[in-house]
Amino acid sequence: MTITQWLIFILVIQVIHGLGTWKLYVKAGRQAWEAFVPVYNAVILMKIINRPWWWTILLFVPIVNLIMLPVVWVETARSFGKNQYLDTFLTVVTLGFYNFYLNYVADVTYIENRNIHPKSSSGDWTSSILFAIVAATVVHTYFMQPFTIPSSSLEKSLLVGDFLFVSKFHYGARVPMTTVATPMVHDTIPLAKIKSYVFNDDFENRNTSLLNKLQLPYMRIPGFESIERNEIVVFNQPADTLLDMNVFTPDRNYYKPIDKKTNLVKRCVGIPGDSLEVRDGYVYINGKKNELPDRAKLQFVYAVTLKGSYTGNQLINALKTRYDITDVYPSSNNTIAFHATVDAAQKARSHPNIASVERIITPKDTDRNLFPRAPQFPWNYDNFGPIYIPKKGATIALNIEVLPLYKRLISEYENKKVTTRGNQILIEGEPATSYTFNQDYYWMMGDNRNNSIDARAWGYVPFDHVVGKPVFIWMSWDGIKNPRWDRWFTTVGGNGQRTSYLIPFLVLLGAWFGFNKWRKNKNKA
């Protein structure tokens, strides 16, 4: 829905609320009209049910309001003496319309100074759990989200098994677009393996489906910094409108809302306005080789010729432990391949069982079916581009030759209908020889250059797909039983060797528990 449609929807809800509660407002000593005034009626209702005013804010926070609305419905019924389990059940299953019965049929009396504390331990636990979920959802959505590194595309910088805290507020927290969803869960509910949100995945009907009209338009709270070149960024994968993530062919029968697309983490090597090219695996920006931070370690794929036959795990273990090489693949009896940094590959040449180590570079004229999948752009992972990364407000010349580079941006991300008639391009049915972009775009790549499905496969990342900035590694495991203690409580960014803040954290945690225990003992005394 658009902002205008949402305002109309909210006004309708306010009318329904007023019709269902105005007599209850009067019985509580208020005026009938107060039940109909948007926002103000919620503030007055908080006074009636003896709850703090800031609950009103939570009623308008997407996802959080799904928890708060049933709580307020139940609290309203209890404020008029309806506090039995049956009353609570009827209030929730009727989506609050039980209060219409109280308003027009039941003979109820307002309880002004009712006890709002739970009468049983189970009620106390329920209340605590509800508000723990509310607090966690607010933090998760607008401030900080935990994230796990799923792949080795940023190997050496971020490792598989790293657990991150991702800041939502650096670039500005994105307001949830999917309004009916399970709190703190992405696209699938764990264990149940079902969708965590209400949405129609049919691509053709995505804009007309009643379910999808509950979507909020894209909005973002202002951040305090912009994405800088070479920063590591978490984002929703643009190509996740596909059924098979390994085959990048659009399936128009499948669609996911932006905020429910798969979360990925890559390095932003190109920012809006850049001209980017990949030459032999190295990124060049505006004709100059991109200088990465010292913590970034590029890896490439190498072909290794052995002096004898391949002997199995002994050689693999030696390469991984002695030379810090991540992936080793047997090829034939006397050849293997591995992914490694330039320094690690150079050191591996000294191994007594290795005859030669040569980097594998794919020639530029070899079509690897990468973005934008057009015969005039036969690019591959090692040699790609040059391309222009669109900037908000920038205008480009548009013709049939370059259309494959920008068609998805204009049609999918900027919601303009793009068609062709011979060599003529039509946008929204009108002939177009140029286009001005409505948002910024970015180019995300992995440091493990030959083992990363990234922008070279699916193209540009729009700013409305950006989730946040990884700032902290709070835990790291190599497998299930091997903690990487040197990575616990370390920063993601910065220069030089990582510094673990685990010990200071444990000291502060111990001091906090000690202070709380001392305060409780003092209160008892």
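Look above for the structure.
Reference entry: report on the structure contained in this document. (Residues numbered from 1 in each chain as written. Predicted model: local features only at pLDDT ≥ 70, side-chain atom pairs only at ≥ 80, totals over all residues. Heavy atoms only, no water.)

Observations concerning the overall build of the protein chain
Part 1 of the reasoning: A count of helical and extended segments in the protein chain gives 12 helices and 23 strands.
Part 2 of the reasoning: The principal-axis extent of the C-alpha atoms belonging to the protein chain is close to 90 × 75 × 40 Å.
Part 3 of the reasoning: Here the protein chain holds 525 residues, and 46% of them are scored as buried.
Part 4 of the reasoning: Sequence separation of 24 or more characterises 65% of the internal contacts of the protein chain that already satisfy a separation of 6 or more.
Part 5 of the reasoning: For the protein chain, the exposed surface amounts to about 27,100 Å²; the carbon and sulfur share of it is 59%. (Helix = DSSP H or I, 4+ residues; strand = E, 2+ residues; numbered from the N terminus. Buried < 20%, exposed > 50% of the residue type's maximum accessible area, 1.4 Å probe, protein only. Contact = heavy atoms within 4.5 Å. Areas by Shrake-Rupley, 256 points an atom, 1.4 Å probe, with all protein chains shown as cover.)

With respect to helix 8 (residues 313–322)
Part 1 of the reasoning: Buried within helix 8 we find Leu315, Ile316, Ala318 and Leu319. Down the axis of helix 8, the buried set is contained in an arc of 160°. They therefore lie on one face. Opposite the buried face of helix 8, by more than 90 degrees, sit the exposed residues Asn313, Gln314 and Thr321.
Part 2 of the reasoning: Along its buried surface, helix 8 packs onto strand 10 (300–306), strand 11 (327–332), strand 12 (335–340), helix 9 (342–348) and strand 13 (354–359).
Part 3 of the reasoning: Phi turns positive one or two residues past the end of helix 8, at Asp324, with a value near 60°. (Arc of directions from axis to C-beta.)

Things to note about the pattern of salt bridges
Part 1 of the reasoning: This model, assessed by the stated rule, comprises 14 salt bridges.
Part 2 of the reasoning: Residues Asp382 and Arg359 are paired through a salt bridge, measuring 3.7 Å at the closest nitrogen-oxygen approach. Pair noted here: Asp382 is in the loop between strand 13 and strand 14 (384–388) and Arg359 is in strand 13, with a separation of 23 residues, a long-range link.
Part 3 of the reasoning: What makes Asp382 buried here is its relative accessible area of 1%.
Part 4 of the reasoning: Among the ionic contacts, a cluster of salt bridges with common partners joins Arg51, Glu75, Arg78 and Arg114. (Salt bridge = Lys/Arg side-chain N within 4 Å of Asp/Glu carboxyl O.)

Things to note about the packing of helix 1 (residues 3–27) against helix 2 (residues 40–48)
Part 1 of the reasoning: At a minimum axis separation of 12 Å, helix 1 and helix 2 run at an interaxial angle of 35°. Here helix 1 and helix 2 pass one another in a crossing that is left-handed. Residues Gln14, His17 and Tyr25 of helix 1 form the contact with helix 2, whose participating residues are Asn41, Ile44, Leu45 and Ile48.
Part 2 of the reasoning: Grouping the amino acids of the contact of helix 1 with helix 2 by side-chain chemistry returns 4 nonpolar, 3 polar and no charged. (Axes fitted to C-alpha atoms, helices over the stretch in contact; angles between N-to-C directions. Left-handed = near helix turned anticlockwise from the far one by under 90°. Nonpolar A, V, L, I, M, F, W, Y, C, P; charged D, E, K, R; others polar.)

Brief notes about unusual backbone geometry
Part 1 of the reasoning: The residue after Phe371, namely Pro372, is reached through a cis peptide bond having omega 5°.
Part 2 of the reasoning: Relative to the helices and strands, Pro372 resides in the loop between strand 13 and strand 14.
Part 3 of the reasoning: A cis amide bond links Gly385 with the next residue in sequence, Pro386, at an omega value of 10°.
Part 4 of the reasoning: Checked against the element boundaries, Pro386 lands in strand 14.

Quick look at the packing of helix 4 (residues 64–78) against helix 5 (residues 85–93)
Part 1 of the reasoning: Taken N-terminus to C-terminus, the directions of helix 4 and helix 5 make an angle of 140°; their axes are 9 Å apart at the nearest point. By the angle between their directions, the pair helix 4 and helix 5 is classed as oblique. Handedness of the crossing formed by helix 4 with helix 5: right-handed. On helix 5, the residues that touch Trp73, Val74, Ala77 and Arg78 of helix 4 are Thr88, Thr91 and Val92. (Parallel < 35°, antiparallel > 145°, perpendicular 65-115°, else oblique.)

Some thoughts on the sheet that holds strand 11
Part 1 of the reasoning: If you walk across this open sheet you meet the 4 strands as 11-12-10-13, and the pairing is antiparallel. Both edges of this open sheet fall to strand 11 and strand 13, since each of them pairs with a single strand only. Put simply, the sheet's adjacent strands are angled 25° from each other on average, direction ignored. (Pairing = 2+ DSSP bridges.)

Observations concerning the side chain of Asp162
Part 1 of the reasoning: With respect to the element layout, Asp162 can be found in strand 2 (residues 162–167).
Part 2 of the reasoning: Asp162 sits in the buried class, given a relative accessible area of 0%.
Part 3 of the reasoning: Polar side-chain contacts of Asp162 include one of 2.5 Å to the side chain of Ser476.
Part 4 of the reasoning: In this structure, Asp162 is in contact with Phe147, Thr148, Ile149, Ile473, Met475, Ser476, Arg484 and Arg487, ignoring residues within four places of it in sequence. (Polar contact = N/O pair within 3.5 Å; in protein donor to acceptor, adjacent residues only side chain to side chain.)

A closer look at the nonpolar core
Part 1 of the reasoning: Among the nonpolar cores identified, the biggest contains 47 residues, and Leu276, Leu398, Tyr406, Trp443 and Tyr460 are the most heavily contacted of them.
Part 2 of the reasoning: Residues Ala42, Val71, Tyr98 and Tyr142 belong to the second largest nonpolar core, which totals 32 residues. (Core = buried A, V, L, I, M, F, W, Y, C linked by side-chain atoms within 4.5 Å.)

What about the sheet that holds strand 18 (residues 430–431)?
Part 1 of the reasoning: Spatially, 3 strands are ordered 16-17-18 in an open sheet, and the strand pairing comes out antiparallel. Here the strands that pair on one side only, and so sit at the sheet edges, are strand 16 (418–421) and strand 18.
Part 2 of the reasoning: As defined by bridge partners, strand 17 (residues 424–427) adjoins strand 18 across 2 bridges and the pair is classed as antiparallel. From the neighbouring strand, Leu426 faces strand 18, where its bridge partner is Pro431.
Part 3 of the reasoning: Across the sheet, helix 10 (residues 403–413) lies against strand 16 and strand 17, angled at about 140° from strand 16, the strand it touches most.

A few points about the environment of Val39
Part 1 of the reasoning: In this fold, Val39 is placed in the loop between helix 1 and helix 2.
Part 2 of the reasoning: Sequence separation of Val39 and Thr341 is 302 residues, and the distance between their C-alpha atoms is 58 Å.
Part 3 of the reasoning: Apart from the residues within four sequence positions on either side, Val39 is in contact with Gln14, Thr56 and Phe60.

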